[in-house]
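Each chain is listed here by its residues.
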Amino acid sequence: MNNHVTFLEIDGKSLKYNLDYFKNKIENDTKILLVVKAFGYGCDAIKIAKYLENDIDYFAVAYTDEGITLRKAGIKKPILVFHPQIPNLYLLIAHQLEPTLYSFKILNAFLEIADSKLLLNYPIHIKLNTGLNRIGFSHNDVPMILSNLTANSHVKIASLFSHLAASEDLEEKEFTTNQINNFAVIVKQFYKHLTYRPLVHILNTSGVVNYPQAQFDMVRLGIGLYGFGNDKKETNQLKNVVSLKSIISQIHTIQPGESIGYNRAFTSNKLMRTATVPIGHADGISRKLGNTNHTVMVNGKKAPIIGNVCMDMIMIDVTNIDCNETDEVIIFNSQEMLLEMATKAETISYEILTGFSNRIKRLLKY
Ligand SMILES: *Cc1c(COP(=O)(O)O)cnc(C)c1O
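The following refers to the structure shown. The residue count restarts for each chain, going from 1 along the sequence in the order it is written. Per-residue local features are limited, in this predicted model, to residues with pLDDT of at least 70; the limit for side-chain atom pairs, both in listing and counting, is 80 or more; totals at the level of whole chains, interfaces and linings are taken over all residues. As a rule here, side-chain values come from all non-hydrogen atoms in the structure, and water together with hydrogens is ignored.

Take the environment of Leu244 next. Secondary structure elements follow DSSP: runs of H or I of four or more residues count as helices, runs of E of two or more count as strands, with numbering from the N terminus. Here Leu244 shows up in strand S10 (residues 242-247). When the C-alpha positions of Leu244 and Val329 are compared, they lie 8.7 Å apart, and in sequence the two are 85 residues distant. Setting aside chain neighbours within four positions, we find Leu244 in contact with Thr6, Phe7, Leu8, Ile279, Ile285, Val329, Ile330, Ile331, Phe332, Phe356 and Ile360. Contacts are assigned to residue pairs that have any heavy atoms within 4.5 Å of one another.

Now the structure itself:
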């Protein structure tokens, strides 16, 4: 456990707390799909999927190989792949992953394979574009989809879904309500022609918070599980899941006039003490955080990052902090600290979480 020094600590109890928080916002019979794409929002998809498999109904990943990784780790629950690629469809089937079909190109490619492999009722998911304009069939495509699928016993529509463009933004309420209403109209069209009822879902985390009336049969929970809500108020209701910790590798005494780091970006005008920490921009610490734009915590005190962020290390000012080599350095251990880091790096929580390199170890604590 101590052979690495920079690690992301994932708090399992907080994961369960946050999951329950969202369960309490939806009906008892609404299913939960847990989104564990992008390495589980940077938190280790395998560990999280194993830990929560019995508490949820479905998993989703973005790409086929992410789903294969989960299957190889022994995950048995259904796994929806949001954006499978045509060349991966054989592999997808071999690992019992469920494809999102979002255009006639990929629908027909899948149907051809399903036919040649004599699949029976293989679960597929139809993605409708209702305004995000990213991937999805349009409303006009529905009759053609139905004529391709109603008499086809090789596949069965496990779900119909769409994705909101601005569920977090209440100023876009009219647009979002329109998306939801149009989606409901399309769903009715499917219901009219199918002899069975696919699951229906459109809400992501902020959708659950802002539009619970549109929960249909299932909601897709991502960022909220990891402790981040729509806004400060919502985030405060959630528990912090992720902490990023490192240690002091070396302490230097710096004389007035000496410089620190690459390009001599910082020059000291006084006698000072600096500490070197083994985490850098290759690990997800933006270069925008350097040059005293951001601080980390050492023994309860704020230590500014000085000079440029290096690929593998940062140097921090510990002149006024009582500390020694091997002491702990906390990059963040609260949502507030991560959000401050995101603001300073001119980005959002999602990008911070998913941007940590895989040389940072993830430890799930529970
Ligand atoms: C990533 C993603 C989600 C999860 O969104 P959060 O805002 O993290 O809850 C849900 N649905 C789709 C289609 C996604 O791509």
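Moving on, we come to the packing of helix H7 (residues 142-149) against helix H8 (residues 173-193). Fitted lines through C-alpha atoms serve as axes, helices being fitted only where they are in contact, and the angles separating the N-to-C directions of these axes extend from 0 to 180 degrees. With their axes 11 Å apart at the nearest point, H7 and H8 run at an angle of 30 degrees to one another. The orientation of H7 with respect to H8, classified from their angle, is roughly parallel. Of the two possible hands of crossing, H7 and H8 adopt the one that is right-handed. In contact with Val142, Ile145 and Leu146 of H7, H8 contributes Ile186, Gln189, Phe190 and His193. Here the contact of H7 with H8 is composed, by residue class, of five nonpolar, two polar and no charged. Any angle between 65 and 115 degrees counts as roughly perpendicular, while under 35 counts as roughly parallel, over 145 as roughly antiparallel, and the rest as oblique. Crossings are classed by handedness, with left-handed meaning an anticlockwise turn of the near helix from the far one by less than a right angle and right-handed meaning a clockwise turn. We call Asp, Glu, Lys and Arg charged. Ala, Val, Leu, Ile, Met, Phe, Trp, Tyr, Cys and Pro are nonpolar, and the rest, Gly among them, are polar.

This next bit is on the sheet that holds strand S7 (residues 155-162). If you trace the eight strands from one edge of the open sheet to the other, you get S8-S7-S6-S5-S4-S3-S2-S9, paired in parallel fashion. Looking at which strands have only one partner, the edges of the open sheet turn out to be strand S8 (199-201) and strand S9 (218-221). Mean inter-strand twist for the sheet, computed between neighbouring axes without regard to direction, equals 25 degrees. By the convention used here, strands pair only if DSSP detects at least 2 bridges between them. As defined by bridge partners, S7 adjoins S8 across three bridges and the pair is classed as parallel. Its bridge partner being in S8, Phe161 is matched across the sheet by His201.

Close to the ligand lie Val35, Lys37, Tyr41, Phe82, Arg134, His163, Asn204, Thr205, Arg220, Gly222, Ile223 and Tyr350, which account for all nearby residues. Between the ligand and Arg220, the relevant distance is 2.8 Å, taken from a nitrogen atom to a side-chain nitrogen or oxygen of the residue. Considered class by class, the residues forming the shell around the ligand number five nonpolar, four polar and three charged. Residues are counted as near a molecule or strand when any one of their heavy atoms sits within 4 Å of it. Polar contacts here mean pairs of N or O atoms no more than 3.5 Å apart (in protein, one a potential hydrogen donor and the other a potential acceptor; neighbouring residues in sequence count only if both atoms are side-chain atoms).

For the exposure calls, accessible area comes from a 1.4 Å probe over protein chains only, and a residue counts as buried if that area is under 20% of its type's maximum, exposed if over 50%, partly exposed in between. Within S10, five of the six residues are buried, which leaves the element mostly enclosed by the surrounding structure. One ladder, built from four bridges, connects strand S1 (residues 7-11) with S10; its direction is antiparallel. Pairing of Leu8 across the sheet is with Leu244, part of S10. Pairing of S10 with strand S18 (residues 328-332), which is carried by four bridges, proceeds in the antiparallel orientation. In the sheet register, Ile247 faces S18, and the bridge partner there is Glu328.

Quick look at helix H1 (residues 12-23) now. Expected helix span is taken as 1.5 Å per residue step, with the number of steps being one fewer than the number of residues. With 12 residues, H1 extends 17 Å from end C-alpha to end C-alpha; this agrees with the ideal 16 Å at 1.5 Å per step. Turning to H1, its buried residues number three or more, namely Gly12, Ser14, Leu15, Asn18, Leu19, Tyr21 and Phe22. Two to three positions downstream of the cap, the backbone nitrogen of Lys13 sits 3.0 Å from a side-chain oxygen, assigning the N-cap of H1 to Asp11.

What follows concerns helix H4 (residues 64-72). Buried within H4 we find Thr64, Glu66, Gly67, Ile68, Leu70 and Arg71. Buried residues belonging to H4 abut helix H2 (37-41), helix H3 (45-52), strand S3 (58-61), strand S4 (79-81) and helix H5 (89-94). Backbone geometry just after H4 places Gly74 at a positive phi near 100 degrees.

For Asn204, the position within the fold is in the loop between S8 and helix H9 (205-210). With sequence-adjacent residues up to four places away left out, Asn204 is seen in contact with His163, Ser167 and Arg220.

Right, let's talk about the nonpolar core for a bit. Residues Leu15, Phe110, Ile126, Phe190, Ile316 and Phe332 are the most contacted members of the largest nonpolar core, which totals 117 residues. Sort the elements by how many residues they give to this core and helix H6 (residues 104-116) lands first, with seven residues. Sequence-distant contacts of Phe190, that is, excluding residues within four places in its chain, are made with Ile126, Val142, Ile145, Leu146, Ile157 and Leu160. Nonpolar core, defined: a set of buried Ala, Val, Leu, Ile, Met, Phe, Trp, Tyr and Cys residues in which side-chain atoms within 4.5 Å join the residues together. Membership of the second largest hydrophobic core comes to six residues, among which are Ile254, Met272, Cys310 and Met315.

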